[in-house]
Amino acid sequence: MALMVGARVLARNLLRPWSRLPDAVPGRTGPAAGGGDGVRCFGSPRVLVETDPAKGVAVIKLKNPPVNSLSLEVLTEFVISLEKLENDKTFRGVIVTSDCPGIFSAGLDLTEMCGKSQAHYAEYWRAVQELWLRLYLSNLVVIAAINGVSPAGGCLISLTCDYRVLADNPKYSIGLNETLLGIVAPSWFKDTLVNTVGHRTAERALQLGLLFPPAEALRVGIVDQVVPEDQVHSAALSVMARWLAIPDHARQLTKNLMRKPTADRLVKQRDADIQYFLQFISRDSIQKSLRVYLDKLRQKKG
Ligand SMILES: CCCCCCCCCCCC/C=C/CC(=O)SCCNC(=O)CCNC(=O)[C@H](O)C(C)(C)COP(=O)(O)OP(=O)(O)OC[C@H]1O[C@@H](n2cnc3c(N)ncnc32)[C@H](O)[C@@H]1OP(=O)(O)O
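Reference entry: report on the structure contained in this document.

The rules behind each value
- Residues numbered from 1 in each chain as written.
- Predicted model: local features only at pLDDT ≥ 70, side-chain atom pairs only at ≥ 80, totals over all residues.
- Heavy atoms only, no water.
- Core = buried A, V, L, I, M, F, W, Y, C linked by side-chain atoms within 4.5 Å.
- Buried < 20%, exposed > 50% of the residue type's maximum accessible area, 1.4 Å probe, protein only.
- Helix = DSSP H or I, 4+ residues; strand = E, 2+ residues; numbered from the N terminus.
- Pairing = 2+ DSSP bridges.

### Quick word on the nonpolar core
One broad rule of soluble globular proteins: the nonpolar side chains tend to lie buried together. One finds Phe-78, Leu-85, Leu-193, Ile-222 and Leu-290 to be the most contacted residues of the largest nonpolar core, which totals 86 residues. Among the elements that take part in this core, helix α3 (residues 118-136) stands out by supplying 10 residues, more than any other.

Shown next as structure tokens:
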């Protein structure tokens with residue numbers, strides 16, 4: 001019950017950008033924070049933010065064990081943290097990564113889309129839209145340091161970034177695998193993939209629900225770089241330095257030029273998109289597919 005109320009409060013914050021989450025780790029500094037003197041931490045229980053004001057760079061670490069599924073709380077906390085960074089002129093870039101070993105993100109939280117009320121589905125889908133829009137159009141340089149498996153919504157998060165570095169581990173596949181679950185990637189998921197890998201590769205990947213292992217992911221361009229696992233963070237920092245060498249206004253305007261038409265397609269029909277989602281997700285056949293998939297995941301252990 002408390003969780004439900006908490007989620008509602010967090011979700012309301014999305015609509016009230018002036019409202020702020022209390023800092024979960026207020027002003028923690030020093031080496032324990034992950035980067036030597038001057039690194040400061042804030043954020044929330046599930047979305048940790050380590051900032052390095054001297055470099056103008058922050059690291060957002062998703063921490064929603066066991067699999068970093070994108071629950072309503074995670075989506076909301078992510079948006080709030082991103083907004084905090086964007087409103088603070090100290091920061092010019094952010095690295096998005098995971099605090100869960102071996103898993104970047106398992107994607108959208110299936111339990112948020114299964115067996116819940118219409119009102120809940122609508123609230124959840126609006127939060128998914130919000131995070132996508134904020135990340136896709138962020139003024140910051142956003143780099144994904146993908147340190148684990150990254151299906152569906154996890155892949156989408158990384159596709160919204162400006163650059164993707166993937167750890168070279170055969171287990172760390174990445175892709176939009178929605179069809180394998182018997183669901184369909186919405187048009188704006190599809191657009192994000194097409195804009196990254198081109199139409200033909202996206203068409204094949206989406207229909208077959210392909211999850212690409214690192215070498216293949218690099219070959220099709222769904223990631224930009226594959227590096228040894230222990231170098232993901234340093235590689236992301238090197239890439240960041242290169243992107244930060246470009247004057248902000250020129251880079252930001254160019255990013256906007258490239259991405260705004262795609263984002264506008266969703267912005268112009270956000271409510272209709274929610275209605276689409278509601279109709280789709282409420283179908284008995286879709287609910288059944290999701291239940292079967294979740295049961296399979298749960299039985300894997302037993
Ligand atoms: C006419 C056309 C109209 C079109 C309209 C379109 C409208 C929209 C349609 C809807 C689109 C919705 C889009 C969804 C995108 C998504 O992101 S869906 C999520 C997809 N994710 C996955 O497929 C990943 C599933 N998970 C895994 O494969 C594995 O868990 C893992 C590889 C990530 C990790 O494996 P492992 O370490 O072995 O952990 P597990 O034992 O599998 O899992 C632990 C625990 O977590 C639960 N879990 C896993 N994933 C999720 C998830 N995504 N959500 C919620 N929960 C998850 C799993 O069940 C286990 O739970 P228990 O501990 O057993 O309770």
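So that's the structure; there's more coming.
### Here's the deal with the sheet that holds strand β8 (residues 148-151)
Read from one edge to the other, the open sheet built from 3 strands follows the order β6-β8-β10, with strand pairing classed as parallel. Two strands close off the open sheet at either side, each with one partner strand: β6 (102-103) and β10 (174-175). Inspection of the sheet shows β8 paired to β10 by 2 bridges, in the parallel sense. Across the sheet, the residue bridging to Ser-150 is Ile-174, located in β10.

### Describing the pairing of strand β2 (residues 40-43)
Where β2 lies against strand β3 (residues 47-52), 4 bridges are found, and the strand directions are antiparallel. Counted as the bridge partner of Cys-41 is Glu-50 from β3. Counted between consecutive antiparallel strands, the loop separating β2 from β3 contains 3 residues.

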